[in-house]
Amino acid sequence: MNNSKCLLERAKKMIPGGVNSPVRAFGPVGGTPRFIKSARGAYLYDEDENCYLDFVGSWGPMILGHSHQEVVKCVQDICQRGLSFGAATAAEVEMAELVCELVPSMEMVRMVNSGTEAVMSAIRVARGFTGRDKIIKFSGCYHGHSDGLLVQAGSGVMTAGVPDSLGVPVGCARDTLSANYNDLDSVKAHFARCPKEIAAVIVEPVAANMGVVPPEEGFLKGLRELCDTYGALLIFDEVITGFRLAIDGAQGYYGVTPDLTTFGKIIGGGMPVGAYGGKRQIMELVAPLGGVYQAGTLSGNPVAMAAGMAQLTILKEHPEYYRELNEKGDWFFGRIERLLRETGRPWQVNHVGSLGCLYFTKQDVKDYESAKTSDTELFAKYHNHMLEQGIYLAPSQFEAVFLSLAHTEEMLEKTLDAITIFLQKI
């Protein structure tokens, strides 16, 4: 790790904490973050020439695996024509047409540069459309780092949000109400208290920022019905689930239709990109058509559009890939559950398709409070053990494991062997 350690020390002099995103800092698990040099298929290679089997996948978008030949070729071809124009391109039109074709709830779409920007913009549109200010989010669901969404729940479900970061004025979080994931009663209580003030409910249809917490039966449908009853919009944050669980996202997987949807880098094959969209009558409020202003000099960047078009086209042309990926997830996470039972370990495994999480807690994990009962010190030991075995996991108990089509049965068996060794050690 000499090169990674040296790079970290150099970075600390110029970059806060030595990293450009806090989750890369390895703070919850200790040790030195690996500086990655290259990636191919299911593997990462760091600056010290170590090889790791990767279960992060750039936080989800690498469904086809890293450096997929067709995706890379499309990017190389577009780069020969220019990297950025700050003007409209045919690629933006083609991408918009494809996204709206694949996701029926999206009748119009606007390209942006990140998931954070997509969510921030969707909420602004929801407020503009309804003429209301308040939104409901769920404790433990992450929707980017915009001021109004960096909130934590108060002492009860009736408490409005308070800032969860320095630099966020209390006023910015005043209209953000926190509810409990998988708890419709907590949402009903907010609507009962503010029946004509809530513009939208925003939710990760599968909560994938407190590990992986699937929606309980009727939860998403119940949100749809509450929004319809009170005239609020339902926003699905599909930055993680979009085009991963199914070609039409979690909304297709669960059969619940939102009014607005947000996507992140998954529509760019891992490139920095995002998008939000939904019903035409709502999206026609976005400038220059309507009075909801949102702009971006680099939105619809041609390189990101090329990467996204390549990956989404492959997935569209091969619907069997989703069956393969979800069956792989069922098999892999099911095997982990079996290992835990065989060794008498009381820990929990949650998963939906190719998304999963091993929680070091005895409790069933169905919301933020139960997720927080996990033993994070034990997770740190687990993470470091897996790293020593050549397996790269997200350096936090509360992140997902992502499978890709590049993961083979042999690779997954190797991972299961590493988990078995850990269970025998502790």
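Scope of this entry: the structure provided in the associated data block. Note that the structure is a prediction, hence the values are computed from the model and not measured.

## Points about the sheet that holds strand 13 (residues 348–352)
In a beta sheet, neighbouring strands pair by backbone hydrogen bonds and run either parallel or antiparallel.
Alright, step 1. Strand order in the open sheet formed by three strands is 13-14-16, and the pairing between neighbours is antiparallel. Taken across any chain shown, the strands that pair with only one partner, and hence form the sheet edges, are strand 13 and strand 16 (401–402).
Alright, step 2. Here strand 14 (residues 355–359) pairs with strand 16 via two bridges, running antiparallel. Bridging from a neighbouring strand, leucine 355 pairs with phenylalanine 402 of strand 16.
Alright, step 3. Across the sheet, helix 11 (residues 320–343) is in contact with strand 13, strand 14 and strand 16; its angle to strand 13 comes to roughly 170 degrees.

## As for the sheet that holds strand 10 (residues 233–237)
Alright, step 1. The strand order 4-12-11-10-9-5-8 describes an open sheet built from seven strands, whose pairing is mixed. The sheet is open, and its two borders are formed by strand 4 (108–112) and strand 8 (176–179), each paired with just one other strand. Across the sheet, the mean angle from the axis of one strand to that of its neighbour is 20 degrees, orientation sign disregarded.
Alright, step 2. Bridge analysis of strand 5 (residues 134–138) against strand 8 gives four bridges, and the strand direction is parallel. Along strand 8, the bridge assignment pairs isoleucine 136 with leucine 177.
Alright, step 3. In the packing of helix 3 (residues 90–102) onto the sheet, the strands contacted are strand 4 and strand 11 (260–263), and the crossing angle to strand 4 comes to about 125 degrees.
Alright, step 4. Running over the sheet, helix 6 (residues 184–193) touches strand 5, strand 8 and strand 9 (198–203) and is turned about 145 degrees from strand 8.

## A look at the pairing of strand 2 (residues 43–46)
Alright, step 1. Alternating residues of strand 2 divide into Leu44 and Asp46, all buried, and Tyr43 and Tyr45, none buried.
Alright, step 2. Taken together, the four bridges between strand 1 (residues 36–40) and strand 2 define a ladder with antiparallel strand orientation. Looking at strand 2, one finds that arginine 40 is bridged to tyrosine 43.
Alright, step 3. From the end of strand 1 to the start of strand 2, which pair antiparallel, there are two residues, and glycine 41 there has a positive phi angle of about 65 degrees.

## Here we look at the pairing of strand 14
Side chains on a regular strand alternate between the two faces of the sheet.
Alright, step 1. Among the five residues that make up strand 14, five are buried, leaving the element largely enclosed by the rest of the structure.
Alright, step 2. Of the two faces of strand 14, the one carrying Leu355, Cys357 and Tyr359 and the one carrying Gly356 and Leu358 are both buried.
Alright, step 3. Inspection of the sheet shows strand 13 paired to strand 14 by five bridges, in the antiparallel sense. For glutamine 348, the partnering residue across the bridge sits in strand 14 and is tyrosine 359.

Conventions and cut-offs
- Residues numbered from 1 in each chain as written.
- Predicted model: local features only at pLDDT ≥ 70, side-chain atom pairs only at ≥ 80, totals over all residues.
- Heavy atoms only, no water.
- Pairing = 2+ DSSP bridges.
- Helix = DSSP H or I, 4+ residues; strand = E, 2+ residues; numbered from the N terminus.
- Contact = heavy atoms within 4.5 Å.
- Axes fitted to C-alpha atoms, helices over the stretch in contact; angles between N-to-C directions.
- Buried < 20%, exposed > 50% of the residue type's maximum accessible area, 1.4 Å probe, protein only.

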